[in-house]
Amino acid sequence: MDPECSQLLPALCAVLADPRQPMADDTCLEKLLDWFKTITEAGSSLLLLQGNPCLVELLCHMLKPQDLSSRVLAFSLRLAGVLAAQEDCFQYLQQGELLPKLFGEAGPLGGAAWTSPTVRSGWIQGLRSLAQHPSALHFLADCGAVDTIFSLQEDSSLFVASAAGQLLVHILGLSMPGPAGGPPSLQAGDWPACAQKIVGHIEESLRATATPQITQALNVLTTTFGHCHDPWTQVLWVRLSPLVAGLLEKDPVPAAHSLVDLLLSVARPQALRAQAFAVLLQPLACVLKATAQDPGPSGVLDGIVGDSMTADMLLPSKAACVGLLCRTLAHLELLLPLPQRPCPWPQAPLLGAAVTLLQLCGGSARPTSDAGRHLCGLLLGCVRVQRAALDFLGTLSEGTGPRELVTQVFAVLLEYLRSPDSSPTVLKKAFQATFRWLLSSPKTPGCWDLDPHALLFLRDLLPVLQKRLCSPCWEVRDSGLEFLTQMTRHWGGQAGFRHALLASEVPKLTEQLLRDPESYVRASAVTAMGQLSSQGLCVPAAGPEHPGGQQKSLLAELLHILSTDSEGFPRRAVMQVFTQWLRDSHADVAGDTEQFVAGVLQVASQDLDWEVRAQGLELALVFLEQTLGQPRSHCPCAVTPAVAAPVGPLAQALQPLCRVRLFEFAFRALFDCDRPVAQKSCDLLLFLRAKTASSGSLQESRSSPHVASVEAALQRWQAGDQAQPLGDLEPEVVLAVLRSLDLEGLQGALAESSDHVEKSPQSLLQDMLATVGVLGGNEADCY
Amino acid sequence: MSSPEYCLSGHPTLPCNVLKFKSTTIMLDCGLDMTSTLNFLPLPLVQSPRLSNLPGWSLKDGNAFLDKELKECSGHVFVDSVPEFCLPETELIDLSTVDVILISNYHCMMALPYITEHTGFSGTVYATEPTVQIGRLLMEELVNFIERVPKAQSASLWKNKDIQRLLPSPLKDAVEVSTWRRCYTMQEVNSALSKIQLVGYSQKIELFGAVQVTPLSSGYALGSSNWIIQSHYEKVSYVSGSSLLTTHPQPMDQASLKNSDVLILTGLTQIPTANPDGMVGEFCSNLALTVRNGGNVLVPCYPSGVIYDLLECLYQYIDSAGLSNIPFYFISPVANSSLEFSQIFAEWLCHNKQTKVYLPEPPFPHAELIQTNKLKHYPSLHGDFSSDFRQPCVVFTGHPSLRFGDVVHFMELWGKSSLNTVIFTEPDFSYLEALAPYQPLAMKCIYCPIDTRLNFIQVSKLLKEVQPLHVVCPEQYTQPPPAQSHRMDLMIDCQPPAMSYRRAEVLALPFKRRYEKIEIMPELADALVPMEIKPGISLATVSAVLHTKDNKHVLQPPPRPAQPTGGKKRKRASEDIPDCKVLKPLLSGSIPVEQFVQTLEKHGFSDIKVEDTAKGHIVLLQEAETLIQIEEDSTHIICDNDEMLRVRLRDLVLKFLQKF
């Protein structure tokens with residue numbers, strides 16, 4: 001701790017200990033605690049306490065009966081925990097019996113302050129910090145804290161209850177590992193007292209009849225197994241699994257979803273996993289049963305729904321039905337990509353269930369049973385289930401399915417894309433799922449084009465996309481464009497796709513959306529057009545509304561957007577398209593690359609949006625790499641440029657960069673008021689300097705008057721006056737200026753956050769004291 | 001006395017019912033089913049070689065005697081004649097006995113001239129002002145569409161029942177073709193409309209003293225109403241064509257529908273599966289898609305109603321869709337009046353639009369579309385329109401049946417190109433049937449029916465809110481639509497189940513009529529001497545004459561008995577005595593059996609047995625061989641010729657009762 005802070009600390013502690021001086025802003029206390037954590041992580045807590053006795057005084061002060069605010073009390077408990085996390089400091093505090101007093105019955109635990117959830121939460125967090133070493137474990141066992149934690153699991157405050165569960169997990173993790181980190185004994189009698197107590201409590205809860213208690217125990221176990229895979233967890237599982245298995249045999253299974261969560265996190269014995277999976281599949285099996293569908297050949301969904309289990313029971317009301325189905329679908333979606341997912345995976349019945357759910361929600365299902373009609377009534381038009389089912393359906397595309405089911409998948413997707421009642425979010429998800437299914441459609445060997453079924457589907461899909469691109473709802477137009485971009489990126493080079501797309505009105509409509517009133521849509525249209533153009537899929541519009549066919553080139557159109565669009569998103573999109581075009585040596589760019597780069601950089605440098613300027617630097621970097629002939633190794637997107645590597649001397653190589661005024665752009669960006677731009681420019685110039693240093697063939701002209709004038713101009717720029725242009729720069733001058741600039745220093749300064757001065761601990765302490773008026777002299781500064 | 005309801009129309013959204021209620025005969029709406037016109041060939045405004053060269057239809061055996069009347073087009077057979085309409089039933093009830101007709105909205109009055117001019121009707125019609133004005137426009141347009149294309153031929157041979165049986169569907173299945181009638185004339189329209197009396201929302205109209213009727217805002221169209229029909233003790237709500245969506249009209253008044261004995265529910269949405277918002281989006285998307293590709297859009301529509309909302313949506317959409325340069329044409333003989341009328345009925349509009357009037361701004365943005373020349377309107381495609389006409393464009397014109405009106409011309413003009421699109425927004429006609437005489441058709445057809453009337457979810461909420469004792473509705477609403485039999489949500493679900501009716505059926509409305517209100521004359525009331533029998537409850541005997549006239553009942557003092565002549569000498573007291581003797585006191589109260597038995601014992605009766613009966617008790621005096629039968633409203637003492645004993649017992653009974 002620096003001396004200035006040490007000086008301010010006693011006064012602050014006095015303020016904190018004074019109930020008449022309430023701390024109005026508890027974010028200060030959080031910041032203060034963060035600061036103490038930083039100090040204790042970096043050095044000895046014991047030295048901190050010894051150097052600042054006021055801290056111990058503050059903690060002692062908490063034990064006196066008084067009217068302290070619950071925030072300060074909670075803060076002190078947490079501070080004590082942070083300090084006692086180091087064993088020597090723990091011992092030091094123990095000497096004065098301070099810790100048992102703070103965390104035991106004598107402290108807030110036994111007093112009126114305990115009614116405040118803030119204090120209870122502070123108590124838990126204090127212990128959470130403190131529990132880091134064996135001494136702490138003894139302390140916890142001795143002072144009876146574990147029992148209190150058990151009771152806090154049922155706390156009325158959800159935050160407290162959840163923190164109590166987390167603390168139990170933490171203590172268990174601390175106490176279970178055997179001596180020297182080896183596996184603990186299977187005999188519970190050999191375990192530390194704390195561990196015995198906690199495991200005993202969990203066992204008791206698992207045997208309980210009340211669902212909340214079972215849920216708590218399951219949640220503790222799920223967190224334990226989810227976060228730790230040490231050998232001791234295996235020992236623990238061996239001991240507890242019979243109890244867990246017992247839960248699965250009950251009918252109905254209590255706390256079913258917590259149980260599934262646990263089993264997913266444990267994912268151990270095969271038999272148990274199958275049972276857990278069955279629980280998870282129940283709602284979907286109900287749906288299939290209610291709509292009288294064959295649960296599928298794999299038989300996994302067979303027998304899940306017994307006679308006692310009907311859709312009415314499991315899915316009684318709309319709220320329950322929707323909630324359960326959404327959770328089930330979300331679980332299954334998470335489970336699908338995991339290696340420990342159940343085997344065999346019932347892909348076909350799940351596909352069938354997802355399709356059926358979507359049909360029920362969309363009103364196209366034709367259930368014949370009463371249960372089915374009931375479900376239909378509950379789910380009709382339910383956006384939540386539609387979204388969850390579409391997400392799940394998309395995930396299922398990673399597997400295969402019987403042909404007729406896949407046909408149904410595409411049919412239901414088309415139904416959703418077509419339906420006027422699909423909400424914009426549902427539509428977006430339908431587009432995403434469609435894309436994933438198209439991706440997964442079977443490939444003809446040696447051909448990357450879409451298979452004939454997918455091409456047939458595409459023929460139905462494109463008219464729908466056309467209509468969606470004309471939707472009055474901008475979100476819909478936007479998702480339509482994103483979908484088009486994705487498709488073009490993947491199949492833009494394939495004959496079947498190209499033929500279908502060019503036969504449709506989609507490219508023309510996309511071009512028209514460049515002038516959409518909504519900026520997000522314009523941005524997406526820019527990206528889509530960039531992609532279409534890269535693949536040669538842009539058709540010059542020559543419709544009746546463009547008599548004479550005087551059509552601006554797309555490049556000119558995009559440049560127009562870059563220089564005139566009032567919103568940032570379309571301009572950013574244009575810069576991204578341009579950067580990509582430059583990378584790919586797009587035909588429109590390759591014709592006169594220098595003119596293109598010069599034009600773009602000139603417009604970008606004047607843009608008010610920092611992301612556009614930053615993207616300008618990205619484009620400059622691509623050009624630089626192409627000019628110097630060596631792509632950066634760390635950039636995965638960079639491809640070897642078509643331009644041949646320069647063979648001439650460095651000065652000649654730098655000439656094109658000077659001609660496009662790349663340096664003026666980069667230097668200007670170096671002093672940009674937006675830090676990311678300056679950082680990016682700094683990186684670019686450092687990269688260039690490293691490049692030129694290695695070749696080292698250029699004569700320096702450090703002393704030339706031109707260099708001096710450029711340096712002077714740059715100083716003025718740095719001071720904020722960027723009016724004066726640099727004029728034409730020669731490569732030699734550039735190199736000289738580059739070497740004279742303290743780029744490393746600048747990089748370091750930029751790396752510090754802009755508010756590093758205001759964020760200093762000293763400033764924090766001063767602010768806190770100033771608010772309560774202790775620092776009289778600072779009053780005027782405050783506001 | 002029962003309250004029958006006569007159903008004269010089988011069309012649930014174009015109802016025509018007659019309600020006999022409290023000796024008044026009330027017709028509820030008189031909708032005209034125009035789907036019959038779909039069986040006829042279109043009336044082209046300009047000579048159409050295609051239509052006039054259609055081959056005549058002949059029977060399977062080659063007999064061609066019908067070939068002048070029936071023409072064949074793409075496998076369908078059409079009647080080549082002036083289109084005819086299917087009228088409401090006129091035989092079920094003598095329509096000259098109808099006292100009043102209540103109109104709920106302008107779509108539900110199109111049969112009015114047939115009723116008022118040809119049935120001997122002599123009553124009054126009640127409707128709101130916008131209903132009458134816009135209804136007049138719809139009728140005027142209809143008459144104009146049909147009269148401006150005179151057609152000499154009137155087909156009647158095919159209507160012969162023996163011949164009709166031989167025709168292909170749907171002609172074969174058309175109902176009551178013999179009653180189909182040609183369109184009325186403008187003269188009949190004017191005469192019919194002159195019988196209408198204008199009413200305002202919540203205005204109470206007395207009918208013959210017995211019944212009060214009140215129109216309430218129904219939220220569906222300008223001036224559209226639901227009606228409350230009530231007497232002092234019964235209330236019938238007639239809900240027809242209501243909407244809970246926020247469109248241009250005043251919102252629906254639901255609160256006033258509460259406490260109804262019977263709620264007659266008609267005019268629900270015809271397309272319960274189509275959400276109007278989604279459909280408007282669909283309409284806009286398809287319109288823009290067509291126009292951007294250089295095609296024209298044809299929107300067959302009525303000259304009022306949804307068109308206002310569509311124009312408002314387009315007003316917001318055209319700039320964003322880059323359609324600012326595309327002309328929008330509205331062609332109807334009444335286009336101008338319709339656009340202007342909509343702006344002047346401020347008090348009938350939704351709150352948002354009402355407030356605009358005070359700014360002052362026109363409530364509908366189509367005024368701005370007209371000002372900026374984006375929307376142009378013409379009475380007909382002849383005249384100015386032909387010189388202004390520019391393509392690609394969007395044309396709104398009638399009639400939605402595609403059988404008459406300017407739309408026929410545009411169908412012929414644009415039908416051959418796949419660039420063009422016809423977008424159906426009116427839900428009244430099957431678009432496939434409407435298109436049948438234009439096949440084969442290259443033009444794209446989009447069906448976006450926009451029906452803002454109540455759907456079944458809204459009905460269910462409404463019924464929960466309003467809680468009528470009984471719901472009465474067309475039979476179509478009591479089961480899911482035939483094509484979607486699994487959709488149990490597409491029917492009215494209420495308890496007790498709704499009573500349903502169908503065309504030409506008479507239904508007895510389930511009233512439990514118990515009370516009638518009777519007024520008492522002040523002088524008679526003055527003479528009453530109430531006696532308190534329970535705290536807060538007093539009774540008095542009344543002798544009066546009940547006078548009933550115009551369904552009002554009044555108690556008047558009885559006529560004074562004629563003064564006996566020459567009675568001056570008789571004492572006053574003796575005058576009163578006979579009266580008093582005649583008037584036995586009235587008894588009230590109940591006899592507590594246990595106390596009564598104790599009293600009997602006190603008075604020396606023994607061997608008393610009490611039996612419970614269904615209506616009360618029997619006290620048995622076994623020794624005296626006497627029965628005392630005590631019931632809620634009577635007590636009988638049955639004993640054998642022992643008058644003394646009877647009187648003794650009577651007096652004991654009377655001790656427990658109050659007299660007045």
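Fair warning: this is a prediction, and the values are worked out from it, not measured in the lab.

Criteria and cut-off values
- Residues numbered from 1 in each chain as written.
- Chains lettered and ligands numbered in written order.
- Predicted model: local features only at pLDDT ≥ 70, side-chain atom pairs only at ≥ 80, totals over all residues.
- Heavy atoms only, no water.
- Domains from an automatic or database assignment.
- Phe/Tyr/Trp six-rings, centres within 6.5 Å; stacked < 30°, edge-to-face > 60°.
- Helix = DSSP H or I, 4+ residues; strand = E, 2+ residues; numbered from the N terminus.
- Buried < 20%, exposed > 50% of the residue type's maximum accessible area, 1.4 Å probe, protein only.
- Lys NZ or Arg CZ within 6 Å of the ring centre and 35° of its normal.
- Core = buried A, V, L, I, M, F, W, Y, C linked by side-chain atoms within 4.5 Å.
- Contact = heavy atoms within 4.5 Å.
- Buried area = accessible area lost by both parts, 1.4 Å probe.
- Salt bridge = Lys/Arg side-chain N within 4 Å of Asp/Glu carboxyl O.
- Nonpolar A, V, L, I, M, F, W, Y, C, P; charged D, E, K, R; others polar.
- Pairing = 2+ DSSP bridges.
- Axes fitted to C-alpha atoms, helices over the stretch in contact; angles between N-to-C directions.
- UniProt positions renumbered as here; feature names shortened; annotations may be inferred.
- Polar contact = N/O pair within 3.5 Å; in protein donor to acceptor, adjacent residues only side chain to side chain.
- Lys, Arg positive; Asp, Glu negative; His and termini not counted.
- pLDDT = per-residue confidence, 0-100.

Novice: Can you walk me through the domain arrangement of chain B in this structure?
Specialist: Think of interface size as the accessible area that goes away when the parts come together; that is how it is often given. One can read the domain layout of chain B as domain 1 (3-57 + 67-270 + 453-509), domain 2 (276-447) and domain 3 (587-659). The distance between the C-alpha centroids of domain 1 of chain B and domain 3 of chain B comes to 65 Å.

Novice: Help me understand the packing of aromatic side chains, please; the structure alone is not making it clear to me.
Specialist: Here the distance between the centres and the angle between the planes together describe a pair of aromatic rings. Counting across every chain of the model gives 33 aromatic pairs over all chains. Ring centres 5.1 Å apart and planes at 85 degrees place the aromatic pair F578 of chain A and F596 of chain A in the edge-to-face group. Of this pair, F578 of chain A sits in helix 30 (residues 568-584) while F596 of chain A sits in helix 32 (residues 593-605), placing them 18 residues apart in sequence. Looking at F578 of chain A, the relative accessible area reads 0%, which means it is buried. On the basis of relative accessible area, F596 of chain A is assigned to the buried category, the value being 6%. Their ring planes at 15 degrees and their centres at 4.5 Å tell us that Y431 of chain B and Y447 of chain B sit as a pair that is stacked. Placement of Y431 of chain B in helix 13 (residues 431-435) and of Y447 of chain B in strand 19 (residues 444-447) is noted, with a sequence separation of 16 residues between them. Each member of the aromatic cluster is reached from another via a ring pair, and the members are Y329, Y378, F385, F389, F410 and W414 of chain B. For the cation-ring pair, R668 of chain A lies above W717 of chain A, with the distance from its terminal atom to the ring centre recorded as 4.4 Å. Sitting above the plane of the F364 of chain B ring, K353 of chain B keeps its charged end 4.9 Å from the centroid.

Novice: How do you make sense of the nonpolar core when you look at a structure like this?
Specialist: Most often, soluble globular proteins keep nonpolar side chains buried together rather than apart. Membership of the largest hydrophobic core comes to 374 residues, with the highest contact counts inside it found for W123 and F667 of chain A together with F396 of chain B. Viewed by domain, this core spans two of them, domain 1 (3-57 + 67-270 + 453-509) and domain 2 (276-447) of chain B, each represented by three or more residues. When sequence neighbours within four positions are dropped, the list of residues in contact with F396 of chain B reads F283, V299, C301, I307, L310, L311, L314, F328, Y329, F330 and I331 of chain B. By size, the runner-up hydrophobic cluster in this structure holds 25 residues, among which are L19, L28, L207 and L509 of chain B.

Novice: Teacher, can you tell me more about the interface of chain A and chain B here?
Specialist: In this complex, chain A contributes 25 residues to the contact, which on the side of chain B involves 21 residues. Overall, the association of chain A and chain B removes approximately 1,900 Å² of surface from exposure, summing both partners, and the carbon and sulfur fraction of that is 58%. The interface formed by chain A and chain B holds one salt bridge in total. At the level of secondary structure, the elements contributing two or more residues to the side of chain A that touches chain B comprise helix 20 (370-379), helix 24 (452-469) and helix 27 (506-512) of chain A. Of the residues belonging to the side of chain A that touches chain B, the class tally is twelve nonpolar, four polar and nine charged.

Novice: Got a minute to help me understand the sheet that holds strand 26 (residues 545-549) of chain B in this structure?
Specialist: Backbone-to-backbone hydrogen bonds join strands into a sheet, with any given pair of strands oriented parallel or antiparallel. All names here are of chain B. Read from one edge of the open sheet, three strands run 23-27-26, paired in mixed fashion. Because the sheet does not close on itself, it has two edges, and the strands there are strand 23 (518-520) and strand 26. Averaged over all pairs of adjacent strands, the angle between strand axes in this sheet comes to 30 degrees, irrespective of strand direction. Pairing analysis gives five bridges linking strand 26 to strand 27 (residues 552-556), with the strands arranged antiparallel. The residue of strand 27 that forms the bridge with K549 is K552.

Novice: How should the environment of F385 of chain B be read in this particular structure?
Specialist: All names here are of chain B. Along the polypeptide, F385 turns up in helix 11 (residues 384-388). We classify F385 as buried; its relative accessible area is 4%. Between the C-alpha atom of F385 and that of L32, which follows or precedes it by 353 residues, the distance is 31 Å. Excluding anything up to four places from it in sequence, F385 contacts Y329, I331, Y378, S380 and F410.

Novice: Would you take a moment to explain the pairing of strand 14 (residues 297-300) of chain B for this structure?
Specialist: Remark: a regular strand shows side chains that alternate across the two faces of the sheet. Residue and element names in this part refer to chain B. Residues V297 and V299 point to one face of strand 14 and L298 and P300 to the other, with burial holding for every one of them. Here strand 14 pairs with strand 17 (residues 394-397) via four bridges, running parallel. Bridging from a neighbouring strand, V297 pairs with V394 of strand 17.

Novice: Before we go on, may I ask you to explain the UniProt feature "domain: Beta-Casp" (unreviewed entry) in chain B in this structure?
Specialist: As annotated in UniProt, the feature "domain: Beta-Casp" (unreviewed entry) corresponds to residues 307-435 of chain B in the numbering used here. Between the C-alpha atoms that bound residues 307-435 of chain B the distance is 21 Å, and the span itself is 40% helix and 12% strand.

Novice: Would you explain the side chain of T148 of chain A in this entry?
Specialist: Residues and elements named next belong to chain A. By secondary structure assignment, the location of T148 is in helix 10 (residues 145-152). On the basis of relative accessible area, T148 is assigned to the buried category, the value being 13%. Engagement of the side chain of T148 in a polar contact is seen with the backbone oxygen of G144, the distance being 3.5 Å. Contact partners of T148, with chain neighbours within four places excluded, come to L109, W114 and W123.

Novice: It is not clear to me how the side chain of R292 of chain B should be interpreted in this structure. Could you clarify?
Specialist: Tracing the sequence through the fold places R292 of chain B in helix 6 (residues 276-292). For the buried R292 of chain B, which has no salt bridge, the nearest side chain bearing the opposite charge is D516 of chain A, at an N-O separation of 5.5 Å. One polar contact links the side chain of R292 of chain B to the main-chain carbonyl oxygen of A321 of chain B, over a distance of 2.7 Å.

Novice: Sorry if this is basic, but what is going on with the confidence of the model for chain A here?
Specialist: Any residue range with low pLDDT should be treated as having predicted coordinates unsuitable for detailed reading. All names here are of chain A. Of all residues in chain A, 86% have pLDDT values of 70 or greater, and the mean over the chain is 83. Predicted confidence is poor over residues 295-300, with pLDDT under 50, and the contacts of this stretch with residues over four places away or in other chains come to eleven contacts. In this model, residues 776-783 is a region of pLDDT below 50 whose contacts with residues beyond four sequence positions or in other chains number two contacts.

Novice: What exactly am I supposed to notice about the sheet that holds strand 30 (residues 616-621) of chain B here?
Specialist: All names here are of chain B. Across the sheet, which stays open at both edges, the four strands sit in the order 29-30-31-32 with antiparallel pairing between neighbours. Looking along the sheet, the strands with just one partner apiece sit at the ends: strand 29 (608-612) and strand 32 (635-638). The mean angle between the axes of side-by-side strands here comes to 15 degrees, regardless of whether they run parallel or antiparallel. As paired elements, strand 29 and strand 30 share five bridges and run antiparallel to each other. Pairing of E611 across the sheet is with I618, part of strand 30. Against the sheet, helix 18 (residues 643-655) touches strand 30, strand 31 (626-631) and strand 32, its axis set at about 155 degrees to strand 32.

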